[in-house]
Every structure is written in structure tokens, then in C-alpha cells.
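# Fold and contact review
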Amino acid sequence: MNAFQGLILAAGHGTRMRSDTVKVLHPIMGRPMLSLVIDAVQEAGVPRPVVVVGHQADQVRDTIGDTVDYVYQEEQRGTGHAVSIAADALRGYENVLILNGDTPMVTARMLARLMRDHRWSGAAATVLTAVVEDPTGLGRVVCNDEGELVNIVEESDASHAEADIREINTGMACFSVEALLDTLPALRPDNAQGEYYLPDAFSVLLERGEQVRIARAGDPEAVIGVNTRRELAGATEVFRLRILDDLMSRGVTIMDPGTTWIHPEVEIQADTVIHPFTTIEGNSRVGSHCSIGPMTHLVDVHVRDEASIWYSVARDSRVGERVTVGPFSHLRPGTDLESGAKVGNFAEVKSSRVGEGSKIPHHSYVGDADVGAGVNMGAGAITVNYDGRDKHRTVLEDGSFIGCNSNLIAPISVGRGAFVAAGSTISSDVPADSLALARKRQRNREGWALRRRKKWEEERGDDDE
Ligand code: UD1
Ligand code: CA
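This structure is a prediction, so every number in the text was calculated from the model and none was measured. (Residues numbered from 1 in each chain as written. Chains lettered and ligands numbered in written order. Predicted model: local features only at pLDDT ≥ 70, side-chain atom pairs only at ≥ 80, totals over all residues. Heavy atoms only, no water.)

### A few points about the overall build of the chain
Helix and strand counts for the chain come out as 10 helices and 39 strands. For the chain, the C-alpha radius of gyration of 33 Å lies well beyond 23 Å, the compact-globule estimate for 465 residues. Summarising its shape, the C-alpha atoms of the chain cover approximately 110 × 65 × 45 Å along the three principal directions. Of all 465 residues assigned to the chain, the portion counted as buried reaches 47%. (Helix = DSSP H or I, 4+ residues; strand = E, 2+ residues; numbered from the N terminus. Rg over C-alpha atoms; globule rule 2.2 N^0.38 Å. Buried < 20%, exposed > 50% of the residue type's maximum accessible area, 1.4 Å probe, protein only.)

### Section: the coordination of the calcium ion (ligand 2)
At the metal site, the calcium ion (ligand 2) is ligated by Asp 102 (OD) and Asn 227 (OD1), and these contacts range over 2.3 to 2.5 Å. With Asp 102 in the loop between strand S6 (93–100) and helix H5 (108–121) and Asn 227 in the loop between strand S11 (212–216) and helix H9 (229–249), this residue pair connects regions lying 125 residues apart in the sequence. Like Asn 227, Asp 102 is buried. (Donors = N, O, S within 2.8 Å, 3.2 Å for Na, K, Ca; no water.)

### Considerations on the nonpolar core
Ile 262 and Val 303 are the most contacted members of the largest nonpolar core, which totals 57 residues. If one sorts the elements of this core by residue count, H9 sits on top with 7 residues. The residue makeup of this core includes at least three contributed by each of domain 1 (2–223) and domain 2 (312–436). Val 303 has contacts with Arg 285, Val 286, Gly 287, Cys 290, Ile 292, Leu 298, Ile 309 and Val 319, leaving out every residue within four places of it along the chain. (Core = buried A, V, L, I, M, F, W, Y, C linked by side-chain atoms within 4.5 Å. Domains from an automatic or database assignment. Contact = heavy atoms within 4.5 Å.)

### Quick word on the domain arrangement of the chain
Per the domain assignment, the segments of the chain are domain 1 (2–223) and domain 2 (312–436). One C-alpha centre belongs to domain 1, the other to domain 2; they are set 57 Å apart.

### With respect to a positive patch on the surface
A cluster of basic residues, Lys 440, Arg 443, Arg 445 and Arg 451, forms a positive patch on the protein surface. Assignment of secondary structure puts Lys 440 in the loop between strand S39 (435–436) and helix H10 (448–464). With a relative accessible area of 80%, Lys 440 lands in the exposed category. (Patch = residues over 30% accessible without salt bridge, like charges linked within 9 Å, V, L, I, M, F, W, Y side chains within 5 Å. Areas by Shrake-Rupley, 256 points an atom, 1.4 Å probe, with all protein chains shown as cover. Salt bridge = Lys/Arg side-chain N within 4 Å of Asp/Glu carboxyl O. Lys, Arg positive; Asp, Glu negative; His and termini not counted. Charge placed at Lys NZ, Arg CZ, Asp CG, Glu CD.)

### Description of the side chain of Thr 103
Mapped onto the elements of the fold, Thr 103 is located in the loop between S6 and H5. For Thr 103, a relative accessible area of 3% gives the class buried. Residues contacting Thr 103, with those up to four places away along its chain left out, are Val 37, Thr 170, Met 172, Val 223, Ile 224 and Gly 225.

### A word on a nonpolar patch on the surface
Side chains of Phe 277, Met 295, Trp 310, Tyr 311, Phe 328 and Phe 346 sit close together on the surface and give an oily, nonpolar patch of about 630 Å² of accessible area. Mapped onto the fold, Tyr 311 is located in the loop between strand S20 (308–309) and strand S21 (313–319).

### Overview of the site of ligand 1
The full set close to ligand 1 counts 23 residues, and Gly 12, Gln 73, Thr 79, Glu 154 and Asn 169 are the nearest of them. Note that an oxygen atom of ligand 1 is positioned 2.8 Å from one of the backbone N or O atoms of Leu 9. Here an oxygen atom of ligand 1 sits 2.9 Å away from a polar atom, N or O, in the main chain of Ala 11. For ligand 1, whose unbound accessible area comes to 760 Å², protein coverage reaches 90%. Taken together, the residues of the shell around ligand 1 break down into 7 nonpolar, 11 polar and 5 charged. (Near = heavy atom within 4 Å. Polar contact = N/O pair within 3.5 Å; in protein donor to acceptor, adjacent residues only side chain to side chain. Nonpolar A, V, L, I, M, F, W, Y, C, P; charged D, E, K, R; others polar.)

### Examining the pattern of salt bridges
Tallied over the full model, the rule gives 21 salt bridges. Salt-bridge contacts for Asp 390 lead to Arg 389; the nearest nitrogen and oxygen are separated by 2.9 Å. When its relative accessible area of 70% is taken as the criterion, Arg 389 is described as exposed. Salt bridges linked by common partners bring Arg 31, Asp 39 and Glu 265 together as one network.

Written as C-alpha cells, this is what we have:
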């Protein structure tokens, strides 16, 4: 007999969020709330928990995928009702861990400990409680003089004295499956909300002489429930600081934890410094001894050791060792900067490889280009990659030099070591080691400016008389 099954209740819409999207799919740092709960349950040792879905069930299934099983609760008649819908999925297990899909900060450690306590005590049920500053909206834990559980009272059913209790039900509990299934038929919706409350199962068990134990959560932040946008922001803050704390313990310097957002999947190596107002998202990886920020936003970017990126935005790009980017650069998808390259002030790069040590220091656009090693793009030089219908590629071979304000009309290639004169509009390939000059020859008219100035002075003099 398998020891533990997991059951996650996620059928409600979450009306208090005032959203078109069902509550458990609201993301926290890029991860839907429900998937954070599932992760914790799986990591705690329950490989394939059951999720009770109802509102937007298809969206929930599509988003979460098939690492869990689902049961469908058509009408949401309370948490006790949700559990009874899942009864068949629990048979064959000795115990079940039940929790809500809206407590996203729960940790695997906390759940593993709850399950261990429950199994060792042999109680019919073990409920996880927490003592919190503000118990508003939560079920209050009513105990007798011996500190033993009597029952759990929802806020809408609580007397004044009960409402003052600061020990709350976290919604996380373990039950013996047999005891639970025996108890569910006894639940009655005779309360303010007219719902079948799962917490009523505890008092039913106690009345029947069964043992129900309390386990107290050491970290109240890990059990916060999200019912409103305000609570969503609160949970996000807990998660954000938890991630930064972990990075700091691994040797990453976070200059200003108050303004730094690093998503959970991001990996950063030791001795890298993250400066203020920086966000790193998605599948991003940053090597060691890098400097990222201030004011930098990276999404799906791989950064190698000793690179530096400041005041810049990058997405789906690769940044090699010792590369420098910024200030005010934009790396768009498909950018691959090889070691020692430099992308500077107000430069934009897209779908391009930039070879070792090449420089795009100022005001350039490099799109759909294959730039070799040791290439220099002068200020304002750009690739003309789009003809209004199709995109075309530009090839700049090793050691070529593109003068300031040149237009490279793609498809085009500039050979090894070639030199494009500043201000040229290049529309045919440039052979290696040659000079391409594509601009009007300059004419100087000696004395022209002087003659004009004198004429203006005369005109002004006429007016004065
Ligand atoms: C619940 C507990 C409360 C506890 C709190 C902790 C009950 C009656 N109350 O209150 O004691 O302090 O959690 O956060 O259990 N759901 C279903 N089907 C339903 C009803 C709810 O799947 O028919 C799901 C919801 O989607 C949600 C979870 O159960 O994920 C909890 O429901 P919610 O309405 O948020 O309960 P709370 O009022 O927060
Ligand atoms: Ca809730």
C-alpha cells in the first residue's frame, strides 16, 4: 500500500481577485501559483498528486500539464465537498496530504515534516496551523485548556472571542484516508456560507474519539494564502526575497535587494554583482565575475564569465566572456556576442553573430548579420536588412572596418580586412582588403562663406541707417 497521496484543491474561481483568469493560474515571478504548490508537494515526496479543478478546468490542465492527475468538481460547494469528489483517487493510499492551490509559498520541507509527524503519531488527522499577526479571513483554531484542538471556526461563523484568536488553519493537513472517507458523509453545510467545510472533519473525528493533532508552522510566511491582489503582491515579495537570499548564500552580490527581481529558474554563479533595478527572467544563466545592471532587464539570456551589461535590455541572446554591453543597448532575439565583443551606447543587435573582440560602440543597428572577429562598426553604421518584404543577411568578414554612418544594403558582404569609408551607402560586395567609397566627392568653394558673411553684414548695415 502506498503511504501518501497528495490532494490539491483548486476548483474555485477566486472571486476576490476580480480577474478573468482563475486564481491559481495567476503567476508569481513567472510561475502559476498552482505549479509552485505542486512543485512543493512533489519535492516533499508525493510524485503524482491529484488536483481538484472546476473553474476554467481546461486552462488549468493545459497550463499545468500531465505531471498530476485531475478530478473535476463541477459545482464548488466547499472544500469538504471538493475532497469528497476526489474520494476514488484516494483509495489504496494509507494517508493523504491535503492543501489549497492558493498557498504558493509553501515549502517542500514544511510538507515533508508535516507528513512525517503525521505518520509517526499515527493520528487520524494532523492539521498544520500558524500563529499570525493578522488572521483576517482565515479559519481560527479553537483549543481547550490543555491546548488540544476542539474545532476550526471560519471567520464568518466566529464569535467575537473566536475572531480574536491568532492561531489559524493553513489549509494544509494530513489524514488517514480511511478516517477521512468515513468522516466526509457527516459534514453539513450548516454555516454562514452554506458550504461543506473540510475543517469540520476535525471536530467530527474528535467527537468520534479519534486523535487529531496540531502541528505548528515555524515560518508563517510559508503558509500565506492568496485571495486578493494585495495578498498576491505579499506572496510575490516573500518569493522574491527568498530567491535573492538563496543567491546571496551562493556567493552572488545583490547590491539592492529592494529593487532586484530574479526569477526562480535563473542561475547565477558566485562573485557576480547584480546592481540596483535589475530584472532577470526566464531561462537565463549568468556566469561568475559578471556585472549586471544597474537598470538592466534580461529574458532568456546566457551570459558567460566576466561579462558586463549595464542600462540595457536583452532577450533570447548569448553574451560571451568579457563582453561589454551598454549603456543603453538592446539585444534582440538571436544575438550571439562572442568573447570580448563590445556593444555600446544606443546600439541594437538582432539575429546576428558578432565575432571575438568586434566592436559596435555607438548608435548602430546590426540585424541579420554575420560579423567576424575584430570588426569595427563606426558610430551610426547600420545594416539595411529589410527591403519592405524580405529580410536579407549582411556578412562582415574578420578585421573589416565600417566607417561611421554607413548603410550596408543587404544582401551584402564586406571582405576580410576591407575598409568602408564613412558615410557610404554600400550596395555591392566589397572585396577583401579594399576600400569602398560610396558617397559624393567633396567640393570646396574657396572664400564662399566669407563672401556670404560680408553680404549679410552689408544688409544689416543698410537697415541700421
Ligand atoms: C480555507 C479554509 C480556512 C483556512 C484557509 C487557509 C475552509 C472552509 N476554510 O479558507 O480554514 O484558514 O483556507 O488559506 O476550508 N476550493 C475547491 N472547491 C470548493 C471550494 C474551494 O476546490 O468547492 C479550493 C479553492 O479553489 C482554493 C481552496 O479550495 O484553492 C481554498 O478555498 P478558499 O475559498 O480560498 O478558502 P478560504 O476561505 O481561503
Ligand atoms: Ca484561500
